[in-house]
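Coordinate analysis (summary)
This is what each chain is made of:
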Amino acid sequence: MIKAILIFNNHGKPRLSKFYEHYSEDTEQQIIRETFHLVSKRDENVCNFLEGGMLIDGSDNKLIYRHYATLYFVFCVDSSESELGILDLIQVFVETLDKCFENVCELDLIFHVDKVHNILAEMVMGGMVLETNMNEIITQVDAQNKMEKSETFIFQSPRQDR
Amino acid sequence: MALKIVKGSIDRMFDKNLQDLVRGIRNHKEDEAKYISTCIDEIKQELKQDNIAVKANAVCKLTYLQMLGYDVSWAAFNIVEVMSSSKFTYKRIGYLAASQCFHEGTDVIMLTTNQIRKDLSSPNQYDTGVALTGLSCFVTPDLARDLANDIMTLMSHTKPYIRKKAVLIMYKVFLKYPESLRPAFPRLKEKLEDPDPGVQSAAVNVICELARRNPKNYLSLAPLFFKLMTSSTNNWVLIKIIKLFGALTPLEPRLGKKLIEPLTNLIHSTSAMSLLYECVNTVIAVLISLSSGMPNHSASIQLCVQKLRILIEDSDQNLKYLGLLAMSKILKTHPKSVQSHKDLILQCLDDKDESIRLRALDLLYGMVSKKNLMEIVKKLMLHVDKAEGTTYRDELLTKIIDICSQSNYQYITNFEWYISILVELTRLEGTRHGHLIASQMLDVAIRVKAIRAFAVAQMAMLLDNAHLLTGNMQRNGICEVLYAAAWICGEFSEHLEDPNQTLEAMLRPKVATLPGHIQAVYVQNAAKLFATVLRKHEGATDSQAAQETSQLLVERLPLFVQSANLEVQERASCILQLVKYIQKLQQKDVEVAEEVSALFAGELNPVAPKAQKKVPVPEGLDLDAWINEPPSESESEDEKPKAVFAKEETKHSRPRHTEVDEKELARRREARKQEQANNPFYIKSSPSSQKVYQDAPGVEHIPVVQIDLSVPLKVPGMPMSDQYLKLEEERRQKEKAEKKKKEKKKKREKHGKGKKHDSGPESEEDITPAHHVDIVTEEMPENALPSDDDDKDPNDPHKALDIDLDNLLSGTNCRPLADTEKLPVRTHRSEPLKSPGEDGDVESVPQEPKKRSSKEKKEKKKDKDKDRKKSKEEKKKKKKHKHDAEDEPAELPAEEPVKSEETNEVATPPTSTSAEASDLDFWLSSTPVAPTAKEVAAPAPAPAPAPETSLAAAPDSEADEPKDAEPEEVKCSKHKKKKQKKEKEKEEKKEKKKKRHHHHHHHSDGGEDSVQNGTMEEEEPLPPMSNYCLLAENSYIKMVYDIQGNLQDGSQVVVSVIFENKSDSFLKSMEFNVLDSLNSKLQRPEGAGPHDGLVVPFQLPPGVSNEARFIFSVQSIVMPQKLKGTLTFIVKSEDSSTHEKLDFKLHFTCTSYLITTPCYSDAYAKLLESGDLKSSSLRLEGVNMPFHHLLARICFHHHFSVVERIDSCASMYSRSIQGHHVCLLVKTADQTVSIDAKCDEPSLLGNVLDEIKQTFSQC
């Protein structure tokens, strides 16, 4: 099971947080902060696993993260997940974002966190991996976006922000 | 309307959208909080508008603010509004918001049930998808219960996109509503072979999660997973399956043997590191589970270790880390194979990555032996000196201590060395682990008697150099060791060379700066030292020295008397007065040493922390036996049951003890012998006999270590541990030389024997400790194990999912789905009946399982009937053949789908036998290739000896199994697809209800149908049972009914009535009416008068039956009652129609107010202890049915659940709809059943007991 998925930048600003167990808003913020502290003080070129079981209850939890440019992608998982598998999944996630946003950068995530959520929802559901095939994910995301577009009013054409 | 929308949209243009909000926040870095609070105000305004687009936009922004840590739960209702928008765009926003901030405590969640249900059945797959995704995040027990059925239907959706989501979410549903696991499991299992890989992967995922927590229940799925493992190419699925096997193998070693080969193949063939790693992991798990090795065992270990070495040597830090992680698992069982890679692991200690260093440290822990301990610790000490950062250094320190102290200092051959290591460690700057070192010092000094003299000398030195330790405030943690030093010097002061000097050191003014608890120990032990000094000078001619010592104390102690610490002050003033008194006596030349020493006489032995708890019941003491004569039966009602319950509880624990005494004792004795054998300090009867096998080559294995003279920060007078390495070296060689001599002697006598051992490397036993040390073990009662009683977390949600699923399909103790296990269907709830047409529509959706089966039945009718007949015949045949376990599995795959359909409907009586279990056995016992007839025919591997008659058939069908299974399954899923396309027609519904009714009938008919009863075995299966009883009957119609409590509403019960048309005419316009009593009222639709009848929402063609549910509200549930009622209906034949009526009496038993509620034994015990319950009891004579039948009957008819069963005794629990607890203790002894009961409502209890009595009087 995946317990939580967090994306934050090099300064610890959250860009996306998805908890698959309920915590109060304060606890969530604290978890994000502590995770940031743990992850950010690690050098590049060290392994991507961290035993941070204290953050989210359950002692067999691990933090598995990847650092891309300005962003950290952190998955908190329990022992039923394969460590290397989750690393691959993060890679798939980022590549999918890259396809959906066309050269994704932090700003995309800042302004379109809802879209990121929608993409994530096609990959992970309720803490369990739903789909790992990037093409399948993109197909489903596109189909839903198309539907959304067909529903939008003329007045509501969303402004394109970057 | 249109204008309004346009207007709303125009308004919206001026609202901020999410991007504006984000931009705004970024532009207001200075006063972010203030800006956001104005935004929230705006959002509140937006939420007040009618336009859903505006609302959705507001909710979208709230979702963002939630991520920033703002509580947005106040908008929960608006989120629900947005969720229920018909537009996908808004719906998605709503569900996202809900998934981010809803949780079990969100009260508006209960408003969403219907909306979610609607979305789940939406024709648009993305509506359904979004609802499922959202639901997966905020599903509550209520939602899970109410929607379980709908989601289960979606598991067979035509679109794989929906199927896979539905399958995944079932895991969440199981967690929240464990009762759904059994009904849903057959279909979940089916999905393992779904044509779509995504769905398959989801199913594997869910079952793996389930199995991880309760592996034993999923063992029977091993063959299926094995097939998947060998056929699947999806690495994700493979990884999950392989992980699952890792969890299963400990339970079934035979499975492991079967796995080794394919796993090894995968290891060789795969290029994916993730898969390779998991394979290695599972192979390790297999090897661990195979305690007795198989021949090619070592090859597998070698392969694993070799692959792991490649991982560890990889430049990728991740692989390195994981390699070390897996290595530590091998280490537990095969330390030798890991030890050969010591170089690699020591190398990892120098890695720049701390996680890797820590992993390597973990490995070292398991790699030490007597031989290499000193060397490894020396390496670690070097790292301690080099380490930057206190955390890693502290970690090293604890590891060193862990390594040395593990399993009772097993690997330490020289305790002087260890003490010096500890003393060296005290020089660590800024460590937090002073107390750890201190406790080690204390432990060693107390438990290793022979080392006391040395330890005391070292400690005296520490005390003397205390200023080095306490000089720096930063090193405060380390001063804890002074606590140990002072105590050791005091307690074992007889070993001190110069007690006076130590006494002086302990009373220095500087001591007053130490923490209070240490000062207290100083003072106390100064007194002990004083006693020793007095003894020393006793009898000596000049008493000068003794008097000087007294004087010293008298001078120095006042400093401590002024201490702010109470403990110090108290002890100091006590001792000061004592010393002053002694001083007086000394001046009178009175000998006092004896008396003073007596103050501190006696040895202080360590006691194991759990010793008290572990004191076993002595032999011959029976805690259950009456001390006095047991009270006679006629004693007061009130007292008796209490005693019974109390007695019961002790009984639970007693058998455990006796069992332990029998087997455990032998095992423990063995273990103790083993331990003694491994314990170098245990003086064996003939120590030399084991140690004679020595040879020169062994010497090379002993590492030669140079003395490192340039160790920094050398404390004057402090010993260096390194010197011991050298000493130890010499000692060992000398020993060896001696042994060699001995051996030579022996060799001359016995030539052949010695040779075998010559070439082998030096073994563990060969290293004898430097001096025979007698470890005083912690005091423990005889027979006690120091192990922990591990209590499982009672709050673990997975505990509830520990459900035996094998017997769902088939099994030895077959327990089919009971009525109460049906997934709830919406009509049960407080919806009054509607007009026939309307109701048909409403009902058809939620009653999916019934409909499904009915449709299927209709479609498949012929097919199925044939199948059934076939299986019936087969079974009959089997019966004739006295049933053979072997031929069962062959039939199983074909039968299962059918069975699973039925199980949803009604409680099917037990079918078949241990098929599943024997299936697994069979699978495990044979090679993957289909067995030849001979193999199967041999009765040995088969669990049940196979009678000859069935032999011919068995092997054939067995061999065919894999081929047969697949087409059947495919066929089945096809049917389902067809069925879903079918329109919902009323006719069909009736059809199905008729079926349903028939079903009930054959239950009550008592097993006329041999198919349902299955094949009988030694262990008698349960007879068929039904709760439906006759309500009324005439020549036209027959009504049977059952009453169930409504869990959601404490004041409601649901009466299900099955109407059966017995005539040749058409029955219509049925009206059901009941004369309400004060207590019980039929719930009528709004606007209806209190005496109006309810229209039964269907008509009955000839010979057809159907079921209707009526809801009654009740006030008091403590008494049973009867309600009079009438059914009126029109009988319409071809030429005429007549109005008929039928009177009936509805009997509301107290049982019908009870709801089967599971209860854990600990909660149960607590409940009984609480003392709030009144008790009563019941005796039944002449009940001659097996105990498990009896229990099953009580469970089934009276809605109880078994809490615990021990032999012929069981505790049961149930709860009324109003929350009364009812506890039963059922015991049986030769045809007499006694039931002791407790309940917080005595009259309810009395009535329930009466009803139970009646149940058993009828049979």
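Residues numbered from 1 in each chain as written. Chains lettered and ligands numbered in written order. Predicted model: local features only at pLDDT ≥ 70, side-chain atom pairs only at ≥ 80, totals over all residues. Heavy atoms only, no water.

In the nomenclature of an unreviewed UniProt entry, chain A corresponds to AP complex subunit sigma from the organism Pygocentrus nattereri. Quoted verbatim from the Sequence similarities (unreviewed entry) field of the UniProt record, the comment on chain A reads "Belongs to the adaptor complexes small subunit family." (UniProt positions renumbered as here; feature names shortened; annotations may be inferred.)

1. Observations regarding the overall build of chain A
Check the secondary structure of chain A and you find five helices and seven strands. Secondary structure elements of chain A occur, N-terminal to C-terminal, as β-β-α-β-β-β-α-α-α-β-β-α. Relative to its 162 residues, chain A shows a buried fraction of 60%. Here the analysis covers contacts within chain A between residues at least 6 apart in sequence; of these, 52% occur between residues at least 24 apart. (Helix = DSSP H or I, 4+ residues; strand = E, 2+ residues; numbered from the N terminus. Buried < 20%, exposed > 50% of the residue type's maximum accessible area, 1.4 Å probe, protein only. Contact = heavy atoms within 4.5 Å.)

2. Things to note about the overall build of chain B
In terms of helices and strands, chain B carries 50 helices and 15 strands. Counting only residues that meet the buried cut, chain B has 54% of its 1259 residues in that class. Sequence-distant contacts in chain B: of pairs separated by 6 or more residues, those separated by 24 or more amount to 73%. Summed over its atoms, the accessible surface of chain B is roughly 57,500 Å², and 52% of this surface lies on carbon and sulfur atoms. (Areas by Shrake-Rupley, 256 points an atom, 1.4 Å probe, with all protein chains shown as cover.)

3. Let's talk about the pattern of salt bridges
All names here are of chain B. Within this structure, the stated rule accounts for 42 salt bridges over all chains. Note that Arg163 is salt-bridged to Asp194, the shortest N-O span being 2.8 Å. Of this pair, Arg163 sits in helix H10 (residues 160-176) while Asp194 sits in the loop between helix H11 (181-191) and helix H12 (197-213), and the two are 31 residues apart along the sequence. Taken individually, Arg163 and Asp194 each receive the classification buried, so the pair is uniform in this respect. Put simply, Glu504 and Arg556 hold a salt bridge, and the shortest N to O gap is 3.6 Å. Highlighted residues: Glu504 in helix H29 (residues 499-506) and Arg556 in helix H31 (residues 544-561), separated in sequence by 52 residues. Residue Arg556 is classed as partly exposed on the basis of its relative accessible area of 23%. (Salt bridge = Lys/Arg side-chain N within 4 Å of Asp/Glu carboxyl O.)

4. Points about the pairing of strand E1 (residues 2-9) of chain A
All names here are of chain A. Most of E1 sits out of view: eight of its eight residues are buried. Inspection of the sheet shows E1 paired to strand E5 (residues 71-77) by seven bridges, in the antiparallel sense. Of the residues in E5, the one forming a bridge with Phe8 is Tyr72. Taken together, the five bridges between E1 and strand E2 (residues 14-19) define a ladder with antiparallel strand orientation. Counterpart to Ile5 in the pairing with E2 is Lys18. Two successive antiparallel strands, E1 and E2, enclose a turn made up of four residues, where Gly12 displays a positive phi of approximately 85 degrees. (Pairing = 2+ DSSP bridges.)

5. Points about the sheet that holds strand E2 (residues 1037-1045) of chain B
Residue and element names in this part refer to chain B. The strand order across the open sheet built from five strands is E1-E2-E3-E7-E5, with neighbouring strands paired in antiparallel fashion. Each edge of the open sheet carries a strand with a single partner, namely strand E1 (1029-1033) and strand E5 (1080-1082). Across the sheet, the mean angle separating the axes of adjacent strands is 30 degrees when strand polarity is ignored. Relative to strand E3 (residues 1052-1061), E2 runs antiparallel, the two being bridged by nine bridges. (Axes fitted to C-alpha atoms, helices over the stretch in contact; angles between N-to-C directions.)

6. A look at unusual backbone geometry
Of note in the backbone geometry, A:Asn45 takes a positive phi value of approximately 65 degrees without being a glycine. Along the chain, the position of A:Asn45 falls in the loop between helix H1 (25-40) and strand E3 (49-50). Classification of A:Asn45 by relative accessible area gives exposed; the value is 58%. The backbone of B:Tyr409 sits at a positive phi, close to 60 degrees, despite the residue not being glycine.

7. Thoughts on the interface of chain B and chain A
Taken residue by residue, the interface counts 73 residues in chain B and 62 residues in chain A. Regarding the contact of chain B and chain A, the summed buried area is about 6,100 Å², with carbon and sulfur atoms giving 55% of it. The largest share of the area that chain B buries against chain A comes from B:Met67, B:Arg92 and B:Trp236, three residues that together contribute 12% of it. Ionic pairing is found between B:Lys164 and A:Glu136, a salt bridge with its closest N-O pair at 3.8 Å. For the interface between chain B and chain A, the tally reads 30 residue pairs in polar contact (both at pLDDT 80 or more). When residues of the side of chain B that touches chain A are assigned to their parent elements, the largest contribution, eight residues, is made by helix H6 (residues 88-101) of chain B. Its residues assigned to classes, the side of chain B that touches chain A comprises 35 nonpolar, 17 polar and 21 charged. (Buried area = accessible area lost by both parts, 1.4 Å probe. Polar contact = N/O pair within 3.5 Å; in protein donor to acceptor, adjacent residues only side chain to side chain. Nonpolar A, V, L, I, M, F, W, Y, C, P; charged D, E, K, R; others polar.)

8. Brief notes about the sheet that holds strand E6 (residues 1094-1095) of chain B
The strands making up a sheet associate through backbone hydrogen bonding, with each pair oriented either parallel or antiparallel. All names here are of chain B. Ordered by their spatial adjacency, four strands build an open sheet running E6-E4-E8-E9, and the pairing between neighbours is antiparallel. The outermost strands of the open sheet, each flanked by one partner alone, are E6 and strand E9 (1137-1148). Here strand E4 (residues 1066-1074) runs beside E6; their pairing, made up of two bridges, is antiparallel. By the bridge assignment, Glu1071 is partnered in E6 with Val1095.

9. Here's the deal with helix H23 (residues 390-409) of chain B
All names here are of chain B. Compared with an ideal rise of 1.5 Å per residue, which puts 20 residues at 28 Å, H23 spans 26 Å between its outermost C-alpha atoms and is within 8% of the ideal. Bending of H23 peaks at approximately 35 degrees at the position of Asp402. Within H23, 14 of the 20 residues are buried, leaving the element largely enclosed by the surrounding structure. (Expected span 1.5 Å × (residues − 1). Bend = angle between axes of the 7 residues up to and from the residue.)

10. A word on the confidence of the model for chain B
Residues and elements named next belong to chain B. Mean pLDDT over chain B: 73, with 67% of residues reaching 70 or higher. Across residues 635-660, where pLDDT falls below 50, the model places 28 contacts with residues more than four positions away in sequence or in other chains. The low-confidence segment residues 786-792, where pLDDT is below 50, has five contacts with residues more than four positions distant or belonging to other chains. The ipTM, which scores confidence in the relative placement of chains, is 0.94 for this predicted complex, and the corresponding pTM is 0.56. (pLDDT = per-residue confidence, 0-100.)

11. As for helix H24 (residues 415-425) of chain B
Residues and elements named next belong to chain B. Taking burial as the measure, the 11 residues of H24 include 10 buried ones, the bulk of the element. Taken as a whole, H24 has its buried residues at Phe415, Trp417, Tyr418, Ile419, Ser420, Ile421, Leu422, Val423, Glu424 and Leu425. Capping the start of H24 is the job of one residue whose side-chain oxygen sits 2.9 Å from the backbone nitrogen of Glu416: Asn414.

12. Description of the environment of B:Leu442
Residue and element names in this part refer to chain B. Turning to its location among the elements, Leu442 is positioned in helix H25 (residues 434-447). In this structure the C-alpha to C-alpha distance between Leu442 and Ile488, which are 46 residues apart in sequence, comes to 6.9 Å. Those residues in contact with Leu442, other than ones at most four positions away along the chain, are Tyr483, Ala484, Trp487 and Ile488.

13. Some details on the environment of B:Glu1060
Of note, B:Glu1060 is situated in strand E3. Spatially, the C-alpha atoms of B:Glu1060 and B:Glu1033 are 9.3 Å apart, while their sequence positions differ by 27 residues.

14. Some points on the packing of aromatic side chains
Tallied over the full model, the rule gives 21 aromatic pairs over all chains. Where A:Phe19 meets A:Tyr23, the ring centres are 5.8 Å apart and the plane angle is 70 degrees; that geometry is what we call edge-to-face. Note on A:Phe19: relative accessible area 7%, which makes it buried. Owing to a relative accessible area of 13%, A:Tyr23 belongs among the buried residues under this scheme. For the pair B:Phe1072 and B:Phe1110, a centre-to-centre distance of 3.9 Å together with 10 degrees between the ring planes defines the contact as stacked. Of the two residues, B:Phe1072 is situated in strand E4 and B:Phe1110 in strand E7 (residues 1105-1114); the sequence distance between them amounts to 38 residues. Of the two residues, B:Phe1072 and B:Phe1110, neither departs from the other in class, the shared state being buried. One Lys or Arg, B:Lys44, reaches over the ring of B:Trp74 and ends 4.9 Å from the middle of that ring. (Phe/Tyr/Trp six-rings, centres within 6.5 Å; stacked < 30°, edge-to-face > 60°. Lys NZ or Arg CZ within 6 Å of the ring centre and 35° of its normal.)

15. Topic: the pairing of strand E13 (residues 1209-1216) of chain B
Residues and elements named next belong to chain B. Counted residue by residue, E13 has seven buried out of eight residues, so it is predominantly covered. Note: strand E10 (residues 1154-1155) against E13, two bridges, orientation antiparallel. Within E13, the position partnered with Ile1155 by the bridge is Arg1215. The pairing of strand E12 (residues 1201-1206) with E13 spans five bridges and is classified as antiparallel. Paired with Ile1206 across the bridge in E13 is Cys1209. Adjacent in sequence and paired antiparallel, E12 and E13 are bridged by two residues, among which Asp1207 carries a positive phi angle near 50 degrees. Direction of pairing for E13 relative to strand E14 (residues 1221-1229): antiparallel, over a ladder of seven bridges. In the strand pairing of E14, Met1212 is matched with Leu1224. Counting the residues between successive antiparallel strands, the hairpin from E13 to E14 contains four residues, one of them, Gly1219, with a positive phi of roughly 90 degrees.

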